[in-house]
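Take a look at the letters that make up each chain.
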Amino acid sequence: MYFKLLKNDFKKNPTSNLILLLFMSLSVTIAVTVTLMLTQLFTSINDMYKTANPPHFLQMHKGEIVQSDIDKFNKSYEGIEYWQTVPMITVNGNELTVSDESKDKFSLSDCRLDISLVKQNDKYDVLLDENKNKLKIKTGEIGIPVILLDEFDIALGDKITLSDGDVTKTFTVASYVYDGQMNSTLCSSTRFLISDEDFNALLGDVGETEYLIEAYFTDSSLADDYQTAYEQSDKNLPKNGQAITYTMIFLLSALTDLIMAMVFILTGVLLIAIAVLCLRYVVLAQLEDDMREIGTMKAIGVSQKGICKLYLGKIRILMAAGCVTGFGFSLLLSTLLTEHISRTFGEQPLDIRCFILAVLVCALVYAVILLFTRKILNRLQKSSVTDLLITEKGFEKTKKVKDGLHKSRHMPLNLLIALKEVRKGYGIIFGLLLIVSFLVIVPIRTVQTMESSQFVTYMGSPICDLMLEVEQGADLEKRNSTAEEILLDEAEQGNIESIETLRRVRLQALKNDGEVVGIHIDSGKSAGSGLKYLYGEKPKAATEIALSYLVSEDLEKTAGDRIILIVNGEEREFTVCGIYQDVTSGGKTAKTVCSFPEESAEKYTYYINMPDSKILQQSVDSLRAQFNSGYSIENMEEFVGQTLGGVSSRVNLAAYAVFFIGTVLTALIVTLFMKLRIARQGGTLAAKRTMGIPFKVICRQELYPVLIAGGLGTFAGAVLAELFGDNMISVLFEMLGVGLKQIEFAGVSFLQYLVIPALLPAVLTAVTYGICRSIKKINIQDYFND
């Protein structure tokens, strides 16, 4: 019976039913796609980790180590089941040249990640191939980290030449490396895999030797306690480098695709909201058309439950078809969207868990749509037989609207009619454009903010042209003196406008309960300048310190609180003057003007401003030519771009996808709205034509209310995106725990305030004029015969 009713309804209202089916399919497609994407992401990471075995705790160290001290400490620590120290050969990008017969040579000097050559481990921290198997490299071959392929064109079979002093070694690219721990541009390092023979031959002769001190526990949650004990140890354990735990390794691995998934989750929620709006309009329109039939059924004793079943049966069939169609499309779409996951973590076929979750999501969307349909059909209960058959009061809530036409003699008549009509049933257009504009603007504004020069302040650095780092390792102070001499000489020649210097040390801070937390502290006269503070301000006195957000959370401190630092074995009290945001060094840093001369430096950082920003790259190349290994010189714009390149590109892709979806949704719903309106207002439109009103005037009278409602909706969406969009994105980043709590969108966007508000009304205009052409086909005689 339901199929027969649906068939008859399709003949009567094909457009409304098709668009309703499309929206249900889109809702299911987005919901299932996000489910498959997240499931495949976590499944891929877990499967990779089963073979790769990334460490639960990792301490990087440049310099000499005493392995017996590490062994003695680990043997005494309860809960540890394995540990190892992995040597690496750290080289500069400009020492590696990629060549092939079909393309020009290029170096990896633009790679901001620290490049290390490593050999394969036996069982723990294993580097994998694309099938998640242990990668084996022969003598003379090299494996390239897959994350570099987004930036550099390196193909299998290419030659990579290492040139360091008198040593020159050429490798053949034999495979791409899938790294369980260093697989994101947010990491500070990346690893190239070479054979044991080549590694042993190069160790000590090229680059610098760096160590990864790794520990594994019976429970990965013990890593934080181990880090505290490691840093508190009086055995002077090696810690001249960054420390990171399993949780942060997992988060950095998944962050890029997690953010993209979050954008699509937002899209899915808003798309379901649009589908409900569409459903409400279609159902109410059909109830209006079937008013006399419904009244007759009520008059002969058909219960409300029985009448509702007729309409619910149709929605169930449409929803079932939408679930099947959407599920099929989601399989195709998820393949495209999970390409980055496959490229980062290796191929991962969909398993039974993915399909089970996808079916559950389909059922959830199905239940939500039916729930709202039932609520809409509850209006049947409030309508009596008299209302339906005699007064034809209908189901919509009606309000008296004063025309006010006689009071507005100076306004065009068509506009006056539009202002009157827009208050009677155009809410769906307003709501649609509000949601779509908000949905489109927020991702675009997020990408714009991440790509702006101001985003560097969320990375714990001030806005500047260039950044030079004197990296950790042997002869740090000597290399820093050399850097200082070169920079001062450049400044005297007028090639540099200003220089700010920060010296980083690693100290321990005491929590309220006496527990110790390790912090990277940047000290210097300008420490903390140029940052955006959540609370408080930059440090001014030697007893003041500004904390990053994650450190303040760990220490349970805020601006104005006292904090105890352990300096040279003694406790020293500081006042927390401000809280800022930082996504570098695990998000745990601090700034102070106190110099801590009694503590050894980890590294030195110089923030440089140039007199002519047009020749930044030339300045970078000139400075790089004056420095050997042990230094990192970055154009800050490129530094941010490379660090967040993977994240911003994925969000950008999601933004374009949402923009396309939003534009299509606008066209489809306006088509539905106008077709139903013309069908319901056929008599009025026929009367206008009979009175000789020109077709163009009738079209304007139909267009103006749509443009007014749509324009107001677009404006409201843009305002809401500006007021609350950054707060919403901030909540997302705070949930991810990367060190960001509050992001403010960058300055006014040309795309936001001109292109989008112009494009969406343009779509409204084109669709409305296209649908209004059907007014010419109205048979006036049919309405007069009635």
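Shown above is the structure to which this text applies.
Only a predicted model underlies this, so the values are computations on that prediction, with no experimental measurement involved. (Residues numbered from 1 in each chain as written. Predicted model: local features only at pLDDT ≥ 70, side-chain atom pairs only at ≥ 80, totals over all residues. Heavy atoms only, no water.)

1. Some remarks on the overall build of the chain
Within the chain one finds 21 helices and 21 strands. If you take every contact in the chain between residues at least 6 apart in sequence, the share linking residues at least 24 apart comes to 82%. (Helix = DSSP H or I, 4+ residues; strand = E, 2+ residues; numbered from the N terminus. Contact = heavy atoms within 4.5 Å.)

2. A short note on the packing of aromatic side chains
A complete count under the given rule lists 18 aromatic pairs for this structure. With a centroid separation of 5.1 Å and an interplanar angle of 65°, the aromatic rings of Phe57 and Tyr226 are classed as edge-to-face. With Phe57 in strand 1 (residues 57-62) and Tyr226 in helix 5 (residues 223-232), this pair connects stretches of sequence that are 169 residues apart. Of the residues examined, Tyr226 reaches a relative accessible area of 1% and is grouped as buried. (Phe/Tyr/Trp six-rings, centres within 6.5 Å; stacked < 30°, edge-to-face > 60°. Buried < 20%, exposed > 50% of the residue type's maximum accessible area, 1.4 Å probe, protein only.)

3. A few points about the pattern of salt bridges
Note that side chains of opposite charge can pair when their charged atoms are close. Under the criterion given, the structure shown has 15 salt bridges. Ionic pairing is found between Arg191 and Asp125, a salt bridge with its closest N-O pair at 2.9 Å. Here the residue Arg191 occupies a position in strand 9 (residues 189-194), and Asp125 occupies one in the loop between strand 5 (114-118) and strand 6 (141-145), the gap between them amounting to 66 residues. Overall, Arg191 belongs to the buried group, its relative accessible area being 2%. (Salt bridge = Lys/Arg side-chain N within 4 Å of Asp/Glu carboxyl O.)

4. Concerning a nonpolar patch on the surface
Residues Ile352, Ile356, Leu357 and Leu360 make up a contiguous nonpolar surface patch of roughly 390 Å² in combined accessible area. Positionally, Leu357 belongs in helix 10 (residues 352-377). The partly exposed category is assigned to Leu357, whose relative accessible area is 38%. (Patch = residues over 30% accessible without salt bridge, like charges linked within 9 Å, V, L, I, M, F, W, Y side chains within 5 Å. Areas by Shrake-Rupley, 256 points an atom, 1.4 Å probe, with all protein chains shown as cover.)

5. Some thoughts on the pairing of strand 3 (residues 96-100)
Note that strand 3 and strand 7 (residues 159-164) share four bridges and pair antiparallel. Paired with Thr97 across the two strands is Thr161, which belongs to strand 7. Where strand 3 lies against strand 4 (residues 103-107), three bridges are found, and the strand directions are antiparallel. Each bridged residue has a counterpart across the sheet, and for Thr97 the counterpart in strand 4 is Ser107. The loop that links strand 3 with its antiparallel partner strand 4 comprises two residues. (Pairing = 2+ DSSP bridges.)

6. A look at the sheet that holds strand 3
With mixed pairing, eleven strands are arranged side by side in an open sheet as 4-3-7-8-6-9-5-2-10-1-11. The open sheet has two free edges, formed respectively by strand 4 and strand 11 (243-245), since each of these has just one partner strand. With strand direction ignored, the average angle separating the axes of adjacent strands in the sheet is 30°. Relative to strand 10 (residues 208-217), strand 2 (residues 80-91) runs antiparallel, the two being bridged by ten bridges. Looking across to strand 10, one finds that Gln84 is bridged to Glu214. With respect to the sheet, helix 3 (residues 67-75) is in contact with strand 2 and strand 10, its orientation differing from that of strand 2 by roughly 150°. (Axes fitted to C-alpha atoms, helices over the stretch in contact; angles between N-to-C directions.)

7. Some thoughts on the state of the cysteines
Evaluated as defined, the whole model comprises zero disulfides. As a non-bridged cysteine, Cys323 has Cys362 as the owner of its nearest cysteine sulfur, 4.8 Å distant. In this structure Cys699 is a free cysteine whose sulfur lies 4.3 Å from that of Cys772, the closest cysteine sulfur available. (Disulfide = S-S within 2.5 Å.)

8. Side note on helix 18 (residues 682-690)
If you check which residues of helix 18 are buried, you get Gly682, Leu685, Ala686 and Lys688. Axial view of helix 18: buried residues confined to an arc of 160°, hence all on one face. Positive phi appears at Gly692, one or two residues downstream of helix 18, with a value of about 85°. (Arc of directions from axis to C-beta.)

9. Re the pairing of strand 12 (residues 466-470)
Of all five residues that make up strand 12, five are buried, and the element is covered over most of its length. What you see with strand 12 is no split at all: Leu466, Leu468 and Val470 on one side and Met467 and Glu469 on the other are buried throughout. Pairing geometry for strand 12 and strand 20 (residues 603-609), over five bridges, is antiparallel. Note on strand 20: the bridge partner recorded for Val470 is Tyr604. Bridging between strand 12 and strand 21 (residues 631-635) involves five bridges; their strand directions are antiparallel. Residue Val470 lies in a different strand from strand 21, and its bridge partner there is Tyr631.

10. Points about unusual backbone geometry
The phi torsion at Asp125 lies on the positive side, around 55°, for a residue other than glycine. Overall, the relative accessible area of 2% leaves Asp125 in the buried class. Here Glu556, not a glycine, exhibits a phi torsion of approximately 55°, which is positive.

11. Looking at the packing of helix 6 (residues 246-289) against helix 10
With their axes 10 Å apart at the nearest point, helix 6 and helix 10 run at an angle of 35° to one another. The element helix 6 and its partner helix 10 pack so that their crossing is right-handed. In this structure, helix 6 contributes Ile272, Val276, Leu279, Arg280, Val283, Leu284 and Leu287 to the contact, and helix 10 contributes Val365, Val368, Ile369, Phe372, Thr373, Ile376 and Leu377. Of the residues that constitute the contact of helix 6 with helix 10, the class distribution is twelve nonpolar, one polar and one charged. (Left-handed = near helix turned anticlockwise from the far one by under 90°. Nonpolar A, V, L, I, M, F, W, Y, C, P; charged D, E, K, R; others polar.)

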